Amino acid sequence: MLAVESQGKPDPDKHHSWTYYLAHLYAKYRLPPFLLVVCKDKATASWAAEPIRVGRGFHTSMVVFPLVLGPGVLPAITEADEAARDLGVAVFSALAYAKDPGLTAILDALASGVADDAERSGSRDSAEAEEAGDVDRVDWAEIVEIGLGEGPGRDYWRHLMATYTPNFPGSNTIVEESWLEGRAKGQSEGKAEGKAEDILHILEVRGIEIPDSVRERVTDCTDLDVLGTWLDRSLSAAHAEELFGEE
């Protein structure tokens, strides 16, 4: 039995909570429990990996060894194909790199992976999916949203799920066909427009005022690399003009 905890910073009180979690799960279900702590930075991961010893100097009654995932332990998955191959690992990668400046690229890949998973699930009946123990794409989306916590990363993920994922995968609607075609092209004008919309949406969600000159420059840009840089900056920029750095 696996207990998963998302940890944003060291918290000594969690040692007591984690010990209780494991003891409770073992007593209730009579199954060997494991604690998996997903951390958002290396310092927190190092702290969480320390054994938790219960007892006094002359005797140790219990020792808890948490399993820890964090930056450096997991790779940063930024390719959609790689995310689709193992969606669980891609989800934990997004949570582990939640504070990384390159989070948007990780979430982009994960969103495509979730969509690919939905397409495959759409070709299988519910009995087959249940027998295989599949996790529904909505479950993955919610796990990511909850794990990211409040902030620009979570806002961007919600935007991706609303913008890029078809509501009825496998139905062969014109909306789904257009979505799949746009994703396959990658470098199309529609992709650039989508990036520009994402940048402006993130700024609006964060309450950043967008002057007309900034809005026009973003929407007129067709260079995907430049738009990607601006997208990363949109998560932390204090003013809209900071998107452009020293350009």
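Scroll up to find the structure this text is about.
Residues numbered from 1 in each chain as written. Predicted model: local features only at pLDDT ≥ 70, side-chain atom pairs only at ≥ 80, totals over all residues. Heavy atoms only, no water.

1. Some points on the overall build of the protein
Inference 1: Of regular secondary structure, the protein possesses twelve helices and five strands.
Inference 2: When the 247 residues of the protein are sorted by exposure, 41% land in the buried category.
Inference 3: Restricting the contact set of the protein to residue pairs at least 6 apart, pairs at least 24 apart contribute 66%. (Helix = DSSP H or I, 4+ residues; strand = E, 2+ residues; numbered from the N terminus. Buried < 20%, exposed > 50% of the residue type's maximum accessible area, 1.4 Å probe, protein only. Contact = heavy atoms within 4.5 Å.)

2. Structural notes on the pattern of salt bridges
Inference 1: For the structure shown, the criterion picks out seven salt bridges.
Inference 2: Between lysine 14 and glutamate 5 there is a salt bridge, and its shortest N-O distance comes to 2.6 Å. Each of the two residues, lysine 14 as well as glutamate 5, counts as buried.
Inference 3: Arginine 215 is the salt-bridge partner of glutamate 204, the closest N and O atoms lying 3.5 Å from each other. Placement of glutamate 204 in helix 10 (residues 189–205) and of arginine 215 in helix 11 (residues 212–220) is noted, with a sequence separation of eleven residues between them. (Salt bridge = Lys/Arg side-chain N within 4 Å of Asp/Glu carboxyl O.)

3. Brief notes about the nonpolar core
Inference 1: Judged by nonpolar contacts, the single largest core of 48 residues is most densely connected at Leu107, Leu110, Trp157 and Val218.
Inference 2: Secondary-structure elements contributing two or more residues to this core are strand 2 (34–39), helix 4 (87–96), helix 5 (103–122), helix 7 (137–148), helix 8 (152–164), helix 10, helix 11 and helix 12 (224–234).
Inference 3: The biggest single contributor to this core is helix 5, with seven residues.
Inference 4: Discounting chain neighbours no more than four positions away, the residues touching valine 218 are Ala196, Ile199, Leu200, Leu227, Trp230, Leu243 and Phe244. (Core = buried A, V, L, I, M, F, W, Y, C linked by side-chain atoms within 4.5 Å.)

4. Digging into the sheet that holds strand 1 (residues 2–7)
Inference 1: Reading across the sheet, the three strands line up as 1-2-5 and stay open at both edges, with parallel pairing between neighbours. Edge positions in the sheet fall to strand 1 and strand 5 (67–69), since each has one partner strand and no second. Taking each pair of neighbouring strands and ignoring which way they run, the sheet shows an average axis angle of 25 degrees.
Inference 2: The sheet contact formed by strand 2 and strand 5 spans three bridges and is parallel. Counterpart to valine 37 in the pairing with strand 5 is valine 68.
Inference 3: Seen against the sheet, helix 1 (residues 13–29) touches strand 1 and strand 2 and runs at an angle of roughly 165 degrees to strand 1. (Pairing = 2+ DSSP bridges. Axes fitted to C-alpha atoms, helices over the stretch in contact; angles between N-to-C directions.)

5. Describing the pairing of strand 4 (residues 59–64)
Inference 1: Sheet topology places strand 3 (residues 52–56) next to strand 4; five bridges connect them, and they run antiparallel. By the bridge assignment for strand 4, valine 54 is matched with methionine 62.
Inference 2: As consecutive antiparallel partners, strand 3 and strand 4 are separated by two residues.

6. Thoughts on unusual backbone geometry
Inference 1: For arginine 30, which is not glycine, the phi torsion reads 55 degrees and is therefore positive.
Inference 2: Residue position: arginine 30 is located in the loop between helix 1 and strand 2.

7. Some points on the environment of tryptophan 157
Inference 1: Secondary-structure assignment places tryptophan 157 in helix 8.
Inference 2: Note: C-alpha distance between tryptophan 157 and leucine 107 (50 residues apart in sequence) is 6.6 Å.
Inference 3: Sequence-distant contacts of tryptophan 157, defined by excluding residues within four places in its chain, comprise Leu107, Leu110, Ala111, Val114, Ala141, Val144, Glu145 and Leu148.

8. Digging into the packing of aromatic side chains
Inference 1: Taken as a whole and assessed by the stated rule, the structure comprises two aromatic pairs.
Inference 2: A ring pair is formed by tryptophan 18 and tryptophan 47, whose centres lie 5.6 Å apart and whose planes are at 50 degrees; its orientation type is tilted. One end of the pair, tryptophan 18, is in helix 1; the other, tryptophan 47, is in helix 2 (residues 42–48), and 29 residues separate them in sequence.
Inference 3: Its relative accessible area of 0% is what places tryptophan 18 among the buried residues.
Inference 4: Judged by centre distance (4.8 Å) and plane angle (75 degrees), the ring pair of tryptophan 230 and phenylalanine 244 falls under edge-to-face. Linking tryptophan 230 in helix 12 with phenylalanine 244 in the segment after helix 12, this pair joins segments that are 14 residues apart in sequence.
Inference 5: Its relative accessible area of 3% is what places tryptophan 230 among the buried residues. (Phe/Tyr/Trp six-rings, centres within 6.5 Å; stacked < 30°, edge-to-face > 60°.)

This is a description of form; function is not addressed.
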